[in-house]
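In case you want the letters, here they are:
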Amino acid sequence: METSRLGQKNFRQLNSAIVDVAILPWGATEPHGYHLPYGTDFYQAEELSVSAANLANGQGINAIVLPPIPFGSQNQGQREVPGCINLRTTTQLAILDDIAASLCGQGIQRFVIFNGHGGNDFHFAIRDLQLKYPELLVVVVEWWRHPSIPKLVENPGEHAGALDTCIMMRLFPELVSSMEDAGSGRSVGFNISALNEGWAWTPRDWSEVSEDTGVGDPRSATPELGALVVDTLVADLASLLVKLVKVANIYQRIS
């Protein structure tokens with residue numbers, strides 16, 4: 001099967017091709033407990049994007065996956081953790097603006113940001129891009145919000161928990177340490193109820209929240225569970241890509 005990865009294509013393959021949709025995997029470089037690698041977010045984002053694009057391309061469209069962005073924003077809460085890299089939101093917007101300009105200059109009108117990091121917030125950036133590039137439809141996918149996740153994974157955890165772990169067991173088992181070496185993912189909340197309830201918000205200082213940088217117990221994860229989650233996500237993302245290309249109007253008619 002021909003790869004959907006832009007970085008692995010050559011000029012002959014793209015020179016005469018019409019690209020229907022470009023996908024940008026965007027992750028982070030940050031600790032994921034004692035058992036998962038720092039690159040978990042961008043490893044997952046790229047692999048899920050490529051699998052979905054390959055599947056969608058078999059359904060009559062041409063999707064390409066751009067090289068992943070490995071650094072995330074909103075990592076200020078882990079700024080003192082060794083190896084954690086943070087991008088400012090203004091840097092994030094500048095990168096997206098440059099990529100959007102490139103895509104529009106090549107006639108590509110569908111752009112999907114596949115977000116692999118919960119701290120990344122692309123909503124503000126997409127609103128700005130919509131004003132500057134009205135011909136470009138920009139969609140962000142946040143895979144952990146998929147409605148099937150709570151049904152498939154009983155206690156998914158928020159960060160480096162069972163959900164992250166089972167997916168990595170499926171996609172990159174060689175990068176997952178033994179569960180005997182994993183931490184418990186024990187975490188604490190705020191002393192102010194409004195902050196715990198979500199209607200008031202402030203960034204968390206990770207050193208105050210988690211003892212091993214994880215939030216959620218990973219030890220119930222299995223490769224079989226990961227396969228089920230990955231297959232569900234890939235199928236639905238591929239369906240989304242096809243619909244973004246083939247549906248003429250994404251809005252329902254007002255009756």
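The structure under discussion appears in the preceding block.
Residues numbered from 1 in each chain as written. Predicted model: local features only at pLDDT ≥ 70, side-chain atom pairs only at ≥ 80, totals over all residues. Heavy atoms only, no water.

**Q** For the overall build of the chain, give the residues involved together with the corresponding values.
**A** Of the regular secondary structure elements, the chain holds nine helices and six strands. For 255 residues, the compact-globule estimate of 2.2 N^0.38 gives 18 Å, and the chain sits close to it at 19 Å. The principal-axis extent of the C-alpha atoms belonging to the chain is close to 55 × 45 × 35 Å. Per-residue burial over the chain gives 47% buried out of 255 residues. Put simply, of all contacts in the chain between residues at least 6 apart along the chain, 79% involve residues at least 24 apart. (Helix = DSSP H or I, 4+ residues; strand = E, 2+ residues; numbered from the N terminus. Rg over C-alpha atoms; globule rule 2.2 N^0.38 Å. Buried < 20%, exposed > 50% of the residue type's maximum accessible area, 1.4 Å probe, protein only. Contact = heavy atoms within 4.5 Å.)

**Q** Describe the environment of Ser 73, listing the residues and the values that go with them.
**A** The topology assignment puts Ser 73 in strand β3 (residues 72-73). Ser 73 sits in the buried class, given a relative accessible area of 1%. Apart from the residues lying within four places of it in its own chain, the contact partners of Ser 73 are Asn 86, Leu 87, Gln 92, His 117, Gly 119, Asn 120 and Asp 121.

**Q** So what's going on with the pattern of salt bridges? Which residues, and what values?
**A** A pair can form between side chains of opposite charge whenever their charged atoms are brought close. Enumeration according to the criterion identifies seven salt bridges in this entry. Across the pair Asp 97 and Lys 132 runs a salt bridge whose closest N-O atoms are separated by 2.9 Å. Here the residue Asp 97 occupies a position in helix α3 (residues 89-105), and Lys 132 occupies one in helix α4 (residues 123-132), the gap between them amounting to 35 residues. With a shortest N-O distance of 2.5 Å, Arg 145 and Glu 142 are connected by a salt bridge. Using a relative accessible area of 15% as the deciding quantity, one classes Glu 142 as buried. If you follow the salt bridges from partner to partner, you end up with Arg 5, Glu 46 and Glu 47 in one network. (Salt bridge = Lys/Arg side-chain N within 4 Å of Asp/Glu carboxyl O.)

**Q** Account for the nonpolar core, naming residues and giving values.
**A** Nonpolar side chains in soluble globular proteins tend to end up buried together. Residues Ile 23, Phe 114, Ile 167, Val 229 and Leu 241 are the most contacted members of the largest nonpolar core, which totals 40 residues. Elements with a minimum of two residues in this core: β1 (21-26), α2 (40-57), β2 (63-65), β5 (110-115), β6 (137-142), α6 (162-171) and α9 (223-246). No other element matches the 10 residues that α9 contributes to this core. Setting aside anything within four residues of it in sequence, one finds Phe 114 in contact with Ile 23, Leu 24, Pro 25, Trp 26, Ala 45, Leu 48, Ser 49, Val 141, Trp 143 and Leu 237. Counting residues in each nonpolar core, the second largest holds 23 residues, with Ile 64, Phe 111, Ile 126 and Val 138 among its members. (Core = buried A, V, L, I, M, F, W, Y, C linked by side-chain atoms within 4.5 Å.)

**Q** Please provide a residue-by-residue account of α2, values included.
**A** Along its 18 residues, α2 runs 26 Å from first to last C-alpha, staying within 8% of the 26 Å computed at 1.5 Å per residue. Of the positions making up α2, those classed as buried are Thr 40, Asp 41, Phe 42, Gln 44, Ala 45, Leu 48, Ser 49, Val 50, Ala 52, Ala 53, Asn 54 and Ala 56. Those residues of α2 that are buried lie in contact with β1, β2, β5, α6 and α9. (Expected span 1.5 Å × (residues − 1).)

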